[in-house]
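Coordinate inspection notes
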Amino acid sequence: MSAVAGCEGEGPLRAPVVLFVYRRTAFLPSILERIAAARPPRVFVFADAPREGGEDAEGCRDVLALIEEWRCPAPLEFSVAPRNLGNSGRVTSGVDAVLAEVDRAIFIEDDVALSPGFLPFCDALLEQYAETPEVMMISGLNPLDRWADEGGRGHHFSTLGHAQAWATWRRAWRRRDGALGRWQEMGARSELAAFLGDDEIGAERARLYDALAEGRVTTWDYHWALARQLAGGLCAVPSRNLALHRGNDPGAAHVRRRALLYELAQLHDLSLGGPPPQLKPDRAFDRLIFELGHNRLSSASARRLARPLIEDGRRLLALALLRHAMRGGVPDAETEALMRLALRGGGGATKAAENQE
């Protein structure tokens, strides 16, 4: 990696920040602003080369120009791949390179929107759980938007975790080596199932990891999730969402349609406080993430998600959730009552619905 001149200074963040870029410029200026405002001690930028055929060349040039013009507040190391590595190759090689130099880092892809609280949140938890092997990852994404936050701790734990804006330590990333080999060992499936604690989630993940082991999928974050889950590693998730993944559109490299899971969250800020939560996953949170991501939303789950949406005035989205859970059938009494309240709107709607249940 080559150093870029003119980037000096050391700010309040303790962990370096790593940014992966390709051809997208829509979110990049705001990402660079967030990084500059947080003043990390070091910044790494990894750019992939355009694919053969030249269709991405212009977008890649625009991205490189933005990075080269950026007045970074910290020492910046900028690496451009000599050939197209693809998302998995570029991210994996970049994380490997950074964690060979430092013991922790915060990682961001170029298709996210960030809350001002995202980088401080990751930095604080990287410090708090540095010597806690059970915690292997920190994510800025809470796709449910908000979640119960007993004691104002600001975070909880998941067996899952979204890795578009995230952080980890060298000690955790090392567990990725050999994970695919471990998956072939006797007992690996039962260990995974016990850790996930949900038969449906376990079966879905087993199918996914079989495809990964057979080379039918190569996505880097599936490999990373397998390593964490086989090691019993938890992901810390903010109680209020701090990052939005906006990559699921026609310009995406992989998933090109938006899912309901990515329509709930907005950007928030939050404060960390109180004693840390117990080192155990929030099974209810994981179940809702699974149901939303796989179009299996139950009526009870839809009602739980719809109530805060109605209170926020997001009534059409609440109705969409409730109708999605019906799957063309007739709503039960509780769901029907909540749908009527969503159509009427107004304060106290969820209180009335809760009384009917």
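Up top is the structure these notes are about.
Residues numbered from 1 in each chain as written. Predicted model: local features only at pLDDT ≥ 70, side-chain atom pairs only at ≥ 80, totals over all residues. Heavy atoms only, no water.

Re the packing of helix H8 (residues 199-213) against helix H10 (residues 283-293)
It is the contact of H8 with H10, at a shortest axis distance of 10 Å, that shows an interaxial angle of 55°. As the angle between them shows, H8 and H10 are arranged oblique. Remark: the crossing between H8 and H10 carries left-handed chirality. Contact residues: H8 offers Glu200, Ile201 and Glu204, while H10 offers Asp286, Arg287 and Phe290. Its residues assigned to classes, the contact of H8 with H10 shows two nonpolar, no polar and four charged. (Axes fitted to C-alpha atoms, helices over the stretch in contact; angles between N-to-C directions. Helix = DSSP H or I, 4+ residues; strand = E, 2+ residues; numbered from the N terminus. Parallel < 35°, antiparallel > 145°, perpendicular 65-115°, else oblique. Left-handed = near helix turned anticlockwise from the far one by under 90°. Contact = heavy atoms within 4.5 Å. Nonpolar A, V, L, I, M, F, W, Y, C, P; charged D, E, K, R; others polar.)

Focus: the pairing of strand S3 (residues 43-47)
Counting buried positions over the five residues of S3 gives five, a clear majority of the element. Alternating positions in S3 separate into two faces, Val43, Val45 and Ala47 on one and Phe44 and Phe46 on the other, with burial throughout. Pairing of strand S2 (residues 17-21) with S3, which is carried by five bridges, proceeds in the parallel orientation. If you follow Val21 over to S3, its bridge partner there is Ala47. For the crossover from S2 across helix H1 (residues 28-38) to S3, the handedness is right-handed. In the sheet, S3 pairs with strand S4 (residues 76-80) via five bridges, with the strands oriented parallel. Counterpart to Ala47 in the pairing with S4 is Val80. In the classification by handedness, the crossover that spans S3, the intervening helix H2 (residues 57-69) and the parallel S4 is right-handed. (Buried < 20%, exposed > 50% of the residue type's maximum accessible area, 1.4 Å probe, protein only. Pairing = 2+ DSSP bridges. Right-handed = clockwise from strand over helix to strand, strands pointing away.)

Describing the environment of Met326
Within the element layout of this structure, Met326 appears in helix H12 (residues 315-326). Residues Met326 and Leu297 lie 29 residues apart in sequence; the distance between their C-alpha atoms is 8.7 Å. Met326 has contacts with Pro331 and Met339, leaving out every residue within four places of it along the chain.

Structural notes on H1
Along H1, the residues that are buried comprise Leu28, Ile31, Leu32, Ile35 and Ala38. Viewed along the axis of H1, the buried residues span an arc of 130°, placing them on a single side of the element. The exposed residues of H1 that point more than 90 degrees off its buried face are Glu33 and Ala37. Phi turns positive one or two residues past the end of H1, at Arg39, with a value near 50°. (Arc of directions from axis to C-beta.)

Considerations on the side chain of Thr132
Topologically, Thr132 is positioned in the loop between helix H4 (118-128) and strand S7 (135-139). In this structure Thr132 comes out as buried when scored by relative accessible area, which is 16%. For Thr132, the contacting residues outside a window of four places in its chain are Arg171 and Leu279.

Here we look at the pairing of S7
Among the five residues in S7, five count as buried, and that is most of the element. Across three bridges, the pairing between S7 and strand S10 (residues 234-238) is parallel. Within S10, the residue paired with Ile138 across the bridge is Ala236. Judged from the two bridges that link them, S7 and strand S9 (residues 165-169) form a sheet pairing that is antiparallel. Bridge pairing in S9 links Ile138 to Ala167.

Details of helix H9 (residues 220-230)
Count 3.6 residues to each turn of an α-helix, and residues three or four apart come out pointing the same way. Taking burial as the measure, the eleven residues of H9 include nine buried ones, the bulk of the element. Inspection of H9 places Trp220, His223, Trp224, Ala225, Leu226, Ala227, Arg228, Gln229 and Leu230 among the buried residues, and these make up the whole buried set. Where H9 terminates, the next one or two residues include Gly232, which has phi positive at roughly 70°.

Let's talk about the environment of His268
The residue His268 is located in the loop between strand S11 (243-245) and H10 in this model. The exposure class of His268 is partly exposed, given its relative accessible area of 21%. As for His268 and Asp145, which are separated by 123 residues in sequence, their C-alpha atoms are 8.4 Å apart. With residues near it in sequence (within four places) discarded, His268 still touches Ser115, Asp145, Arg146, Arg240, Asn241 and Leu242.

Some details on the packing of aromatic side chains
For the structure shown, the criterion picks out eleven aromatic pairs. Seen from their ring centres, Phe20 and Phe107 are 6.4 Å apart, and the 15° between their planes marks the pair as stacked. Of this pair, Phe20 sits in strand S2 while Phe107 sits in strand S5 (residues 104-109), and the two are 87 residues apart along the sequence. The pair Phe20 / Phe107 is uniform in exposure class, with both members buried. Taken together, the ring pairs in this structure connect Phe20, Phe46, Phe107, Trp166, Trp173, Trp220 and Trp224 into an aromatic cluster. If you follow Arg171 out to its NZ or CZ, it ends over the ring of Trp169, 4.2 Å from the centre. (Phe/Tyr/Trp six-rings, centres within 6.5 Å; stacked < 30°, edge-to-face > 60°. Lys NZ or Arg CZ within 6 Å of the ring centre and 35° of its normal.)

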